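Report on the structure
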Amino acid sequence: MSLFGRVFRKNRTKVPSNKEPLLLDIGAGANYKDGWVHVDFFRYSFKFWKSKNFRKKPEVEMDLRYPINCPNNTVDGVYSCHVLEHLNYNEANRLIKEIYRILKPNCYLRIIVPDLETYIEFYTKKSINPKFQFGCEAISYLTQMNGHKSVWDTEYLMHVLKLNGFIDVKRVRYGKEGVDARLIKDNMNRESESIVLEAKKPND
C-alpha cells in the first residue's frame, strides 16, 4: 500500500504551501479541525462502498517513514498525537528530523505519546487504570497492540527532540497548556495515558 501510494498517488503526498497559517496534524486519524492540514497514511476506498468506520480523507497522504513532501521552513506549527509509537526508534528519529526541517524558525511542535511511566505504575500497582484488569495486559497493549513499535517516556522524548535541534523542550498539561495555543487540539479521551511535550525550532 505504501509503495503504490508513493508511486501512483504522488499528487496526494504534497503539503500545500498556499495556506496561511500552515498548521500540520501529522498522523491525524479522525481528529479533524477546520484550518488544519491533516496528514495520514494512504487511504483507499471505493465509491460504491463505505464501511461503518469510514473517515474523511486527509488532505495529505503519506508514509511517515519517508521524507515529507514539503519545502524547508514552511510550516507554522505541527501537532502529532500517538504517532511515534507506531515507528521504530530510527524511523521516529527521521520523522522528528523532517518536522524540524519543515517548521519555520521560532515555531513549535506539540507532540503526544503514550506514557511508559503511567503503564509501569499500573503494572507495579501504584495506580489504577480502568481500561485493564491486569498489569501484563497493559504492558502488552503498550508494546504490541495497534502496530506499536516503540515506547516513550518524558526523559527519552526530550532527549530525541533536543538531539534534533529543538529548544525550549518542556512537558505541558494535556489539553490546557502550550505556548502556541493554536496547537492545542488534544483528544481528551487519551489524557490519562499520555504525555505532551512542546518544542521550539530556534531562529537560525
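Just above, that's the structure.
To keep things clear, this report deals only with the structure shown in the data block. (Residues numbered from 1 in each chain as written. Predicted model: local features only at pLDDT ≥ 70, side-chain atom pairs only at ≥ 80, totals over all residues. Heavy atoms only, no water.)

Turning to the nonpolar core, a few remarks are in order. Nonpolar side chains tend to gather and get buried jointly when the protein is soluble and globular. Ranked by size, the top nonpolar core spans 36 residues in total, and within it Leu24, Leu84, Leu161 and Phe166 carry the most contacts. Where this core is concerned, the elements lending two or more residues are strand S1 (23–26), strand S2 (37–40), strand S4 (75–81), helix H2 (89–102), strand S5 (103–114), helix H5 (154–163) and strand S7 (194–200). In terms of residues, this core owes the most to one element, H2, which gives six residues. Setting aside residues up to four positions removed in sequence, Phe166 forms contacts with Ile96, Ile99, Tyr100, Leu103, Leu109, Leu161, Ala199, Lys200 and Lys201. (Core = buried A, V, L, I, M, F, W, Y, C linked by side-chain atoms within 4.5 Å. Buried < 20%, exposed > 50% of the residue type's maximum accessible area, 1.4 Å probe, protein only. Helix = DSSP H or I, 4+ residues; strand = E, 2+ residues; numbered from the N terminus. Contact = heavy atoms within 4.5 Å.)

On to the packing of aromatic side chains, then. Under the criterion given, the structure shown has nine aromatic pairs. Aromatic side chains Phe41 and Phe42 sit 5.6 Å apart centroid to centroid with 75° between the ring planes, which places their arrangement in the edge-to-face category. Among the residues examined, Phe41 registers a relative accessible area of 32% and is labelled partly exposed. By relative accessible area, which is 4% here, Phe42 ends up buried. Between Phe122 and Phe132, the ring centres sit 6.5 Å apart and the planes meet at 40°, which makes this aromatic pair tilted. One end of the pair, Phe122, is in helix H3 (residues 116–123); the other, Phe132, is in the loop between H3 and helix H4 (135–144), with ten residues separating them in the sequence. Taken as a pair, Phe122 and Phe132 share a single burial class, namely buried. Between Arg6 and the ring centre of Tyr66, over which it is positioned, the NZ or CZ distance is 3.9 Å. We note Lys201 situated over the ring of Tyr100; from NZ or CZ to the ring centre the distance is 5.0 Å. (Phe/Tyr/Trp six-rings, centres within 6.5 Å; stacked < 30°, edge-to-face > 60°. Lys NZ or Arg CZ within 6 Å of the ring centre and 35° of its normal.)

In this section: the pattern of salt bridges. Tallying each qualifying case throughout the model produces twelve salt bridges. Here Asp25 ties to Lys185 by a salt bridge, and the two come within 2.5 Å at their closest N and O atoms. Of this pair, Asp25 sits in strand S1 while Lys185 is found in the loop between strand S6 (167–171) and S7, placing the two residues 160 residues apart along the sequence. In this pair, the class of Asp25 matches that of Lys185, namely buried. Ionic pairing is found between Glu198 and Lys170, a salt bridge with its closest N-O pair at 3.9 Å. Of this pair, Glu198 sits in strand S7 while Lys170 sits in strand S6, placing them 28 residues apart in sequence. Among the residues examined, Glu198 registers a relative accessible area of 3% and is labelled buried. Residue class for Lys170 comes out partly exposed when judged on its relative accessible area of 38%. Taken together, the shared-partner salt bridges in this structure form one network comprising Arg9, Arg12 and Glu61. (Salt bridge = Lys/Arg side-chain N within 4 Å of Asp/Glu carboxyl O.)

These figures capture arrangement, not role.
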